Amino acid sequence: MANYQDILVAIDATQDDQPALRRAVYLHHRIGCKIKAFLPIYEFSYEMTTLLSPDERVAMRKGVISQRTAWVKEQAQAYIDAGVPIEIKVVWHNRPFEAIIQEVITAKHDLVLKMAHQYDRLSAVLFTPTDWHLLRKCPCPVWIVKDQPWPEGGKALVAVNLTSEEPHHDALNEKLLRDTLLLASKVDKTEVHLVGAYPITPISIAIELPDFDSSTYNNAIRGQHLIAMKTLRQKFSIDENMTHVEKGLAEEVIPNLATHLDAGIVVLGTIGRTGLSAAFLGNTAEQVIDSLRCDLLVIKPDDFESPVDLDDEEEDDDD
């Protein structure tokens, strides 16, 4: 259940403004969560300096950690002075995503907040390698925060899979909805909308089969999606005008609807098998995410197990 009582905020070492920490404090005031400001750092040059002894390198590393800890405290000081309990932790690690996931596992955090990168306030969110690793591999939900205030009367848009016959998709749909509704009830009574996209008739079929009735086909597909959406919304007592079944590619429908609704956040499900495999649209999920201009919350199934463990030695490069 999405109580989100133990939040880890991934601090961005490249700037003094920390939108993810701001959002965590916003959540603290509404749901009373604990906050840990977490920063993994690594200076390759310190590890390669042959003129220093191992003890001197350790001492230098500790000095850098101490400096960065003081810097993080400066970022959080105004919140701490206002009475918000914020724990600060800086670690030496050459893979930021791995350090964050290991901290989540060790300390049993139930939500990770990380700021998004973007060219300007109107542009789509830019995802770094660390972001993608977290979205694919972090065992708890990951909230990517855009640098803007929560919209007045903000809405949450939950993308659901209305076509799959596999039972784990139904379970994930329900988890997305259950967790989002619980969180929304505590965050300024946020409206929760549902969206499902259905495909248009493939042009190849219409060309190869002259007698094919594309209109009848489209109506049948839409009807199936509407029935599935009705079943899902009724189970959670969601009003029909909060549901949207749209024709088109999910990577176009979802960002467009989020913009139209002025949504504060889009909630996606991921089964995290190969790449970012969102349950509702498979490998097109990355295209959906790259087009978003609002916050993103990615939630995994209850049985998800992270491929990262406490002594993982992955060779992926990070930002």
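Residues numbered from 1 in each chain as written. Predicted model: local features only at pLDDT ≥ 70, side-chain atom pairs only at ≥ 80, totals over all residues. Heavy atoms only, no water.

Colleague: Sorry, what's going on with the overall build of the chain here?
Modeller: Across its full length, the chain holds ten helices and ten strands. Pairs at least 24 apart in sequence give 79% of the contacts found in the chain among residues at least 6 apart. Counting only carbon and sulfur atoms, one obtains 51% of the accessible surface of the chain, whose full area is about 15,800 Å². (Helix = DSSP H or I, 4+ residues; strand = E, 2+ residues; numbered from the N terminus. Contact = heavy atoms within 4.5 Å. Areas by Shrake-Rupley, 256 points an atom, 1.4 Å probe, with all protein chains shown as cover.)

Colleague: Can you help me understand the sheet that holds strand β4 (residues 111-115) in this one?
Modeller: Strands in a sheet are paired, the pairing made by backbone hydrogen bonds, and the direction either parallel or antiparallel. Taking strand neighbours across the sheet as the criterion, the ten strands line up as β3-β2-β1-β4-β5-β10-β9-β6-β7-β8 in an open arrangement whose pairing is mixed. Where the open sheet ends on each side, the last strands, each with one partner, are β3 (86-92) and β8 (243-247). In this sheet, neighbouring strand axes are inclined to one another by 25° on average, regardless of whether the strands run parallel or antiparallel. Pairing of strand β7 (residues 191-198) with β8 involves five bridges; the strand directions are parallel. Directly across from Tyr198, in β8, lies its bridge partner Lys247. (Pairing = 2+ DSSP bridges. Axes fitted to C-alpha atoms, helices over the stretch in contact; angles between N-to-C directions.)

Colleague: Before we go on, may I ask you to explain unusual backbone geometry in this structure?
Modeller: Apart from glycine, the bulk of residues carry a negative phi angle, and the bulk of peptide bonds sit in the trans form. Despite not being glycine, Lys108 shows a phi value in the positive range, around 60°. Within the fold, Lys108 resides in the loop between α4 (96-107) and β4. Positive phi outside glycine occurs at Ser237, with the angle close to 55°. Position of Ser237 relative to the elements: it lies in the loop between α8 (214-235) and β8.

Colleague: Looking at this structure, how should I read the side chain of Lys175?
Modeller: By secondary structure assignment, the location of Lys175 is in helix α6 (residues 167-186). Judged by relative accessible area, Lys175 falls into the buried class, the value being 13%. Residue contacts for Lys175: discarding those within four places in its chain leaves Ile299, Lys300, Pro301 and Asp302. (Buried < 20%, exposed > 50% of the residue type's maximum accessible area, 1.4 Å probe, protein only.)

Colleague: Is there a simple way to think about the pairing of strand β6 (residues 155-159) in this case?
Modeller: Looking along a regular strand, one sees side chains alternate from face to face of the sheet. Counting buried residues in β6 gives four out of five residues, a clear majority hidden from the surface. Sheet analysis places β6 next to β7, joined by five bridges and oriented parallel. Across the sheet, residue Val158 finds its bridge partner in β7, namely Leu194.

Colleague: In this structure, what is going on with the nonpolar core? I would like to understand it.
Modeller: Across soluble globular proteins, you tend to see nonpolar side chains buried next to one another. Of all hydrophobic cores here, the largest spans 55 residues; its most connected members are Val9, Leu27, Leu113 and Trp143. For this core, the element with the most residues is helix α1 (residues 19-31), which contributes seven residues. Discounting chain neighbours no more than four positions away, the residues touching Leu113 are Ile7, Leu8, Val9, Ala10, Ala20, Arg23, Ala24, Leu27, Trp143 and Val145. Membership of the second largest hydrophobic core comes to 38 residues, among which are Ala10, Val112, Leu134 and Cys294. (Core = buried A, V, L, I, M, F, W, Y, C linked by side-chain atoms within 4.5 Å.)

Colleague: Is there a simple way to think about the pattern of salt bridges in this case?
Modeller: When the charged atoms of two side chains lie near each other, side chains of opposite charge can form a pair. For the structure on display, the rule yields nine salt bridges. Across the salt bridge formed by Asp295 and Arg23, the nearest N and O atoms sit 2.9 Å from each other. Separated by 272 residues along the polypeptide, Asp295 in strand β10 (residues 295-299) and Arg23 in helix α1 bring together distant segments of the chain. The same class applies to Asp295 and to Arg23, which are both buried. Through salt bridges that share partners, Lys36, Lys89 and Glu103 make up one connected network. (Salt bridge = Lys/Arg side-chain N within 4 Å of Asp/Glu carboxyl O.)

Colleague: Would you explain the packing of aromatic side chains in this entry?
Modeller: Two numbers describe a pair of aromatic rings. These are the distance of the centres and the angle of the planes. Overall, the coordinates contain one aromatic pair when judged by the stated rule. Note on Tyr42 and Trp92: the rings are 5.5 Å apart at their centroids and 55° apart in plane angle, and the pair reads as tilted. Of this pair, Tyr42 sits in the loop between β2 (34-41) and α2 (44-48) while Trp92 sits in strand β3; the two residues are 50 residues apart in sequence, bridging distant segments of the chain. Over the face of the ring belonging to Phe304 we find Lys300, whose NZ or CZ atom lies 5.3 Å from the ring centre. (Phe/Tyr/Trp six-rings, centres within 6.5 Å; stacked < 30°, edge-to-face > 60°. Lys NZ or Arg CZ within 6 Å of the ring centre and 35° of its normal.)

Colleague: For this particular structure, what's the right way to read the packing of α4 against helix α5 (residues 129-137)?
Modeller: If you want to describe how two helices pack, look at the angle between their axes and the distance between the axes. Closest axis-to-axis distance for the α4/α5 pair is 8 Å, and the angle between their directions is 35°. The chirality of how α4 crosses α5 is right-handed. Counted together, Pro96, Phe97, Ile100 and Ile101 of α4 and Thr130, His133, Leu134 and Lys137 of α5 form the full contact between these two elements. Of the residues assigned to the contact of α4 with α5, the class counts are five nonpolar, two polar and one charged. (Left-handed = near helix turned anticlockwise from the far one by under 90°. Nonpolar A, V, L, I, M, F, W, Y, C, P; charged D, E, K, R; others polar.)

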